[in-house]
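Letter by letter, the chains look like this.
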Amino acid sequence: MKERIKNSLSLFVAFFKLGLFTFGGGYAMIPLLQNEFVTKRGWIEESDLVDMITISESTPGPVAINCATYIGYSRGGVLGSVVATLGVITPPFIIIYLISLFFSKFLEIEMVAAAFKGISIAVAVLIFYAAVKLLKNFKKNVLSIIILILVAVASILIEIFSLNFSAIYFILIGGISGILFYGVFKNLKNKKKSQLETKIDAADNKEEN
């Protein structure tokens, strides 16, 4: 019981700290997740982090909350997931609530406006760093490279021509492509390879006899 409480407290403090110092949404949290839970604490592997982000992006809800729930569950079951999720949402909830009390006056403060300009630049750098980390760790094969190039080109064209195209469609297209490539074509290829090897073995047995 004592160990369970200690583990839950550790999860809450870790995610409270992330929620308190993460600006710019879930993507900006990815480098902090990597540093805190892969490098420093060793709670998850680098490959698990990539899979976790993929799952978080493919399911409803903010990536930060989904990641907290996933890591919390892997460390402490249902209780761990609840504690980690509460930890990551508590700081922004408190801060946004306090800001909402005097929002208009808050934005008029010159020092605050200047601080937000600097923060926006830092957030852009963090998101770029997160993208580089993900690119370095994803499995590189023909399919993944083709999807990467197509999505990158499509994203640029959508931005240039101001087209209305949701990122959800990119996720769906990637998922369908993965199912077709790994679930259908790969299985057919392996089946044909197995049949060919069976025929070769049968032919070799005949020659020996």
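Residues numbered from 1 in each chain as written. Predicted model: local features only at pLDDT ≥ 70, side-chain atom pairs only at ≥ 80, totals over all residues. Heavy atoms only, no water.

Asks: Please clarify how helix α1 (residues 2–21) should be interpreted in this entry.
Replies: Residues that lie three or four places apart on an α-helix share one face, since the helix turns once every 3.6 residues. For α1, which comprises 20 residues, the first-to-last C-alpha distance of 29 Å matches the rise-based estimate of 28 Å (1.5 Å per residue) to within 8%. Buried within α1 we find Asn7, Ser8, Leu11, Ala14, Phe15, Leu18 and Gly19. The buried residues of α1 all sit within an arc of 135° when viewed along its axis, so they share a single face. The exposed set on the far side of α1, more than 90 degrees from its buried face, consists of Lys2, Ile5, Lys6, Leu9 and Phe21. (Helix = DSSP H or I, 4+ residues; strand = E, 2+ residues; numbered from the N terminus. Expected span 1.5 Å × (residues − 1). Buried < 20%, exposed > 50% of the residue type's maximum accessible area, 1.4 Å probe, protein only. Arc of directions from axis to C-beta.)

Asks: Would you mind showing me how to read empty space enclosed by the protein here?
Replies: Rolled over the atoms, a probe with the dimensions of a water molecule shows which regions are left empty. Summed over all chains, the structure comprises 1 cavity of 30 Å³ or more. What the largest cavity holds in volume is close to 40 Å³. Contributing to the lining of the largest cavity are Ile30, Gln34, Glu46, Leu49, Val50, Lys133, Leu134 and Asn137. Put simply, the parts of the chain that give the lining of the largest cavity at least two residues each are α2 (26–40), α3 (46–58) and α6 (110–137). Partitioned by chemical class, the residues of the lining of the largest cavity number 4 nonpolar, 2 polar and 2 charged. (1 Å grid on protein atoms, 1.4 Å probe; cavity = no way out; pocket = protein on both sides within 12 Å on 5 of 7 lines; lining within 4 Å. Points joined across faces, edges and corners; volume = space filled by probe spheres on them. Nonpolar A, V, L, I, M, F, W, Y, C, P; charged D, E, K, R; others polar.)

Asks: Where do I start with the nonpolar core in this structure?
Replies: The tendency in soluble globular proteins is for nonpolar side chains to be buried side by side. By size, the foremost hydrophobic cluster in this structure holds 23 residues, and its most contacted members are Phe15, Leu33, Phe37, Ile44, Leu49, Met52 and Ile71. The set of elements that each furnish at least two residues to this core consists of α1, α2, α3 and α4 (63–101). At 8 residues, the largest contribution of residues to this core is made by α4. Among all residues touching Leu49, those that are not within four sequence positions of it are Leu33, Gln34, Val38 and Ile44. (Core = buried A, V, L, I, M, F, W, Y, C linked by side-chain atoms within 4.5 Å. Contact = heavy atoms within 4.5 Å.)

Asks: I'm lost on the pattern of salt bridges in this one. Help?
Replies: Side-chain pairs of opposite charge can arise where the charged atoms are in close proximity. Evaluation of the coordinates by the stated rule reveals 3 salt bridges. Lys17 is the salt-bridge partner of Glu36, the closest N and O atoms lying 3.6 Å from each other. With a gap of 19 residues between them, Glu36 in helix α2 and Lys17 in helix α1 connect regions that are remote in the sequence. What makes Glu36 buried here is its relative accessible area of 5%. (Salt bridge = Lys/Arg side-chain N within 4 Å of Asp/Glu carboxyl O.)

Asks: Can you help me understand unusual backbone geometry in this one?
Replies: Negative phi values dominate among residues other than glycine, just as trans dominates among peptide bonds. In the Ramachandran plot, Ser162 falls in the positive-phi region, its phi being about 50° despite a non-glycine side chain. Accessibility expressed as a relative area gives 64% for Ser162, which makes it exposed.

Asks: What is the right way to read the packing of α1 against α4 from this model?
Replies: Between two packed helices, what matters for the description is the angle formed by their axes and the separation of those axes. Interhelical geometry of α1 versus α4 gives an angle of 40° and a closest axis separation of 7 Å. One finds that α1 runs oblique with respect to α4. As for the relative orientation of α1 and α4, their crossing is right-handed in sense. Split by residue class, the contact of α1 with α4 holds 15 nonpolar, 8 polar and 2 charged. (Axes fitted to C-alpha atoms, helices over the stretch in contact; angles between N-to-C directions. Parallel < 35°, antiparallel > 145°, perpendicular 65-115°, else oblique. Left-handed = near helix turned anticlockwise from the far one by under 90°.)

Asks: Looking at this structure, I do not really get the packing of aromatic side chains. What am I missing?
Replies: The relative placement of two aromatic rings is captured by the distance of their centres and the angle of their planes. Applying the stated criterion across every chain yields a total of 5 aromatic pairs. Note on Phe37 and Trp43: the rings are 5.3 Å apart at their centroids and 25° apart in plane angle, and the pair reads as stacked. For Phe37, a relative accessible area of 0% gives the class buried. A relative accessible area of 15% places Trp43 in the buried class. Taking 5.2 Å as the distance between ring centres and 50° as the angle between the ring planes, the aromatic pair formed by Phe165 and Tyr169 counts as tilted. For Phe165, a relative accessible area of 36% puts it in the partly exposed group. Between Arg41 and the ring centre of Trp43, over which it is positioned, the NZ or CZ distance is 4.9 Å. (Phe/Tyr/Trp six-rings, centres within 6.5 Å; stacked < 30°, edge-to-face > 60°. Lys NZ or Arg CZ within 6 Å of the ring centre and 35° of its normal.)

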